Structures are given as structure tokens and as C-alpha cells.
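# Reading the structure
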Amino acid sequence: MTTRAIHLVGAGGAGMSALGLLALRSGWTVSGTDREEGSALAALRAAGATVGAGHGADAIPEATQMVFASTAIPDDNPEMAAARERGLPVLHRSDLLAMLMEGHRGLAVAGAHGKSTTTAMLSLALGGATLCVGAEVPWGDGTGAAWGDGPWFCAEADESDRSLLRLSPQAAILLNIDHDHHSEYASIEEVEDVFRQFVQALPADGLLVVGPDARAQAVAASAPCPVRVVGAFPGAWARVQGDQLALADGRTASLAIAAPGAHNRWNAACAIALAEWCGVDVDQAAARIALFSGVGRRFEHKGTAAGVSVVDDYAHHPVEVAATLAAARDQHAGRVVAVFQPHLYSRTQALADQFGRALSAADVVVVTDVYAAREDPVPGVDGTLVTRSVNGPQEVLNVPRLDDVPAVLVPDLQQGDLVLTIGAGDITTLGPRILAALGGAGG
């Protein structure tokens, strides 16, 4: 692979930091910036990148050949403007992913939920294949990436900005389809069309594995290659039965995996189905996945204090929230306390009722204000839209400011409670503060 000097605008993001690490492992020179310091920038710096906090026109090194940015970076970012003035190519992060995949046999995992986890499982099932996901993995040196041996490159395919259409994998997994990114897609039919374009671009000699989701299976019918369906119905390539994977040909494999929840057993089944096509024995693939407990911010245990356990989860769609709470019920006999931070005004406005119904599975619910991310506030859209639809828990609280949650929540916690901090925003910082308020060390 040709040596390149690249600059990453937004280098501290989960996806960008993973790409930066892979570029470094490929022998490229990497620089970059983000708004503020964080663990991802520290990880890149430790790996040899020149990265720092704060954007500026003078941040791009003279030797830079290409600049990459995600959709979240605005056009008026000073580094973007400086790159254009210098005549440097300004490319999307998915273009960098495609470059890094050159020379490998690409495998992509697509869908509304479970992409990062399933891609990581697939990499493990293949014996440690090259990996790129938008969530930290235990073997990723602080990122969601690892440079592995062998021909396979396992990548998460992102539909949020339609960038999955820029990839050209040899085979893929389509887990599920949901209307999640409301500022990008006007309807579920539009979402289905983008996934349909993705599967139709697969090569005829490739493979598509599709999960038990009905919409995904309908879209998979348009694939030009063989399709393996993992689902609970006759004719499926395999189905999940408790903690067993039962193949249509009579073979079975253990799905007694460390990652909690029924949804993760289905994720593992899809990863095993593709790994088997890649030449890995089903039992061996399952054994390699067994001890994997999940990627960062997916049911991640943050600590225990005063008999209260705290878990952080990235769930930011009603389906994901419901799956997280179901996994908590499977593992925990005591009260489940859900602290939810809605993510994006557009998503909250569209799905508030569904969020409320999903959160109703908890014993205590706390909802904060909306994490805006890249969006401007929408009048009348706040956390109260969600709390109005919660029905059933012992207590439902609206606490707009994240900083106020420990003082409000901790006095009501009981020994044996499980606290879940749920959302895709800065609620991930809340768990250690709750633990500290409980008298623990916060980790």
C-alpha cells in the first residue's frame, strides 16, 4: 500500500480514530484534530499520530496529501477551508475506509442496530481479522480498530450518511432495518432503498447473511448472490435455540457467549454464518466468540458501589433500548433503574412515544434533556416528550441537566439495584459520577 500523509478533521471520533490507527499500522503518516482532548486522541498519539485539541487553519502539516472528515464536520470548519485553499483533496471518512480495505477481501456488516458488536464478533471468529468499527474494542489499543493477519477486512457499514454505498465488500451481513436517522431519511421506504442498493452491489460470487428482521429479509431478496438467512422459521440456514445455534443441515454449535442478551446471540449467529463461508469451522468460530463480552459502551460495566451496579449502554433507538433492558432483566434479579438521554431532536420528536414504551420495562426511569449533537434545538422537543409515554415503572423523573442526576437519583437507590445509563451522547460520563456519589471510586 502506498505511503500517504493524511490529516483527520474530527480525529477523536470513534470511527475516525479507528481509521487513523489502521492508517498508522499501514505505515502512513497521520495528523488530526478534534474539539477537545479525549481517550481516542490519546490512543492515536500513543500509536504515533500527531493529534491535538482545537481546530485551526494552521493545524494541517505541510506534508499532508489528503484531508478526511466525517459528515459531522461543517464546511466552514477552518481546516476544511484551509485544505481547499491549498488544493488538497478533502474526502469523506468512508473514502479512507475504502482505501485501507484495498488489497484485502472486504466483509461489511450493515443494519440499524448491532453493527459494531457483530463486526467485532466476525473478526474474532476469523481468528483476528483486520477490524474497523465505531466503538472501542478490548484489543484495539483504545480504538475500534486492529490490524490483523490474513486476507479478511471486517468493517462496519454506516447507513446514517449513506456512506455504506461507497464500500465494495465481497460479502456482507444485513442485521436489521429501522428508521433511525430522521434528518437523513424521510421514510422507512427510503431507508430500505439505501440498504437495497447496498446488497444489490454485492458480487454474484459473494454472500449475504441476513438476520431475523423481516424488513432485512425482504431487502435481501434483491441480492445477486447466495443468501443465508438466520431466523426462527423452516428453511433458514440456521436458527438460535436458547444458547445453541442449530443449522438446517443438523449441525449445532454453542452460543453460550459472554455478551448479554438474546439479541447478541442472534448477532453471533450471523457472524458465524459468514465466518463459515470464509472457511472457518462453525464450532471453532463459536468458540472464538464465546468470551467476547462486547464493544465499548455496549452494556459496559462501569463499577459497583454501596451494592449498586452501574452499566453504560449506547442504545439510542427504541429497539436498542428495549434490547438493553431485556438483557438487564436476563442478568439481574433486582431493580433496574434506567437513566436515558435522548439523542438528537429529530429522533426524539419522531420516536418519543416508542422510547417511552421501551423504557417502561424498567423499575425506575430518569430522562434528561436531549443531547443535540449536530442539530439545532426544536421548540417543544425535550425529555418530557419521552416521560409522558412511560407507563408502569415505580418512579418516572425528568431531570433536564445531566449534572443534576446524581443528587436526584442516588438518595433513592437501593442495595441490589442495577443502574443503566443509556444514550449516545455525553451520558457516558454519568456512570462514574453516580459511583462517586455512592461512595465508590467511579470505575
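From a predicted model like this one, the values you see are computed outputs, not experimental measurements.

Calculation notes
Residues numbered from 1 in each chain as written. Predicted model: local features only at pLDDT ≥ 70, side-chain atom pairs only at ≥ 80, totals over all residues. Heavy atoms only, no water. Phe/Tyr/Trp six-rings, centres within 6.5 Å; stacked < 30°, edge-to-face > 60°. Helix = DSSP H or I, 4+ residues; strand = E, 2+ residues; numbered from the N terminus. Pairing = 2+ DSSP bridges. Axes fitted to C-alpha atoms, helices over the stretch in contact; angles between N-to-C directions. Contact = heavy atoms within 4.5 Å. Polar contact = N/O pair within 3.5 Å; in protein donor to acceptor, adjacent residues only side chain to side chain. Buried < 20%, exposed > 50% of the residue type's maximum accessible area, 1.4 Å probe, protein only.

All right, on to the packing of aromatic side chains then. Throughout the structure, instances matching the rule amount to three aromatic pairs. Ring centres of Trp 139 and Phe 292 lie 5.8 Å apart, and the angle between their planes is 70 degrees; this geometry places the pair in the edge-to-face category. One end of the pair, Trp 139, is in the loop between β7 (130-132) and β8 (145-146); the other, Phe 292, is in the loop between α9 (282-289) and β16 (300-305), with 153 residues separating them in the sequence. Between Phe 340 and Phe 355, the ring centres sit 4.9 Å apart and the planes meet at 40 degrees, which makes this aromatic pair tilted. In this pair, Phe 340 sits in strand β18 (residues 336-340) while Phe 355 sits in helix α11 (residues 345-359), placing the two residues 15 residues apart along the sequence.

The next thing to look at is the sheet that holds strand β15 (residues 252-254). The strand order across the open sheet built from three strands is β13-β14-β15, with neighbouring strands paired in antiparallel fashion. Looking at strand neighbours, the two that pair on one side only are β13 (238-241) and β15, the edges of this open sheet. On average, each strand axis in the sheet is inclined to that of its neighbour by 25 degrees, with strand direction left out of account. Pairing analysis gives four bridges linking β13 to strand β14 (residues 244-247), with the strands arranged antiparallel. Opposite Arg 239, over in β14, you have Ala 246 as the bridge partner. Against the sheet, helix α8 (residues 262-277) makes contact with β13 and β14, and its axis sits at roughly 150 degrees relative to β13, the strand it touches most. Sheet strands touched by α9: β14 and β15. Its angle to β15, the strand with the most contacts, is close to 15 degrees.

Take the side chain of Ser 94 next. As for its placement among the helices and strands, Ser 94 is situated in helix α4 (residues 93-101). Looking at Ser 94, its side chain comes within polar contact range of the side chain of His 92, at 2.8 Å. Discounting residues that sit within four places of it in the chain, Ser 94 has contacts with Ser 163, Arg 166 and Leu 167.

With that settled, the discussion passes to the sheet that holds strand β17 (residues 308-313). Strand-to-strand pairing in sheets goes through backbone hydrogen bonds, with the strands running parallel or antiparallel. Taken together, the six strands give an open sheet; going across it, the order is β16-β17-β21-β18-β19-β20, and neighbouring strands pair in mixed fashion. Only two strands of the sheet have a single partner each, and these edge strands are β16 and β20 (395-398). Ignoring strand direction, the axes of neighbouring strands in this sheet form an average angle of 15 degrees. The pairing of β18 with strand β21 (residues 418-422) spans five bridges and is classified as parallel. Paired with Val 339 across the bridge in β21 is Thr 421.

Following the sequence through the fold, Thr 368 ends up in the loop between β19 (364-367) and α12 (384-387). What makes Thr 368 buried here is its relative accessible area of 1%.

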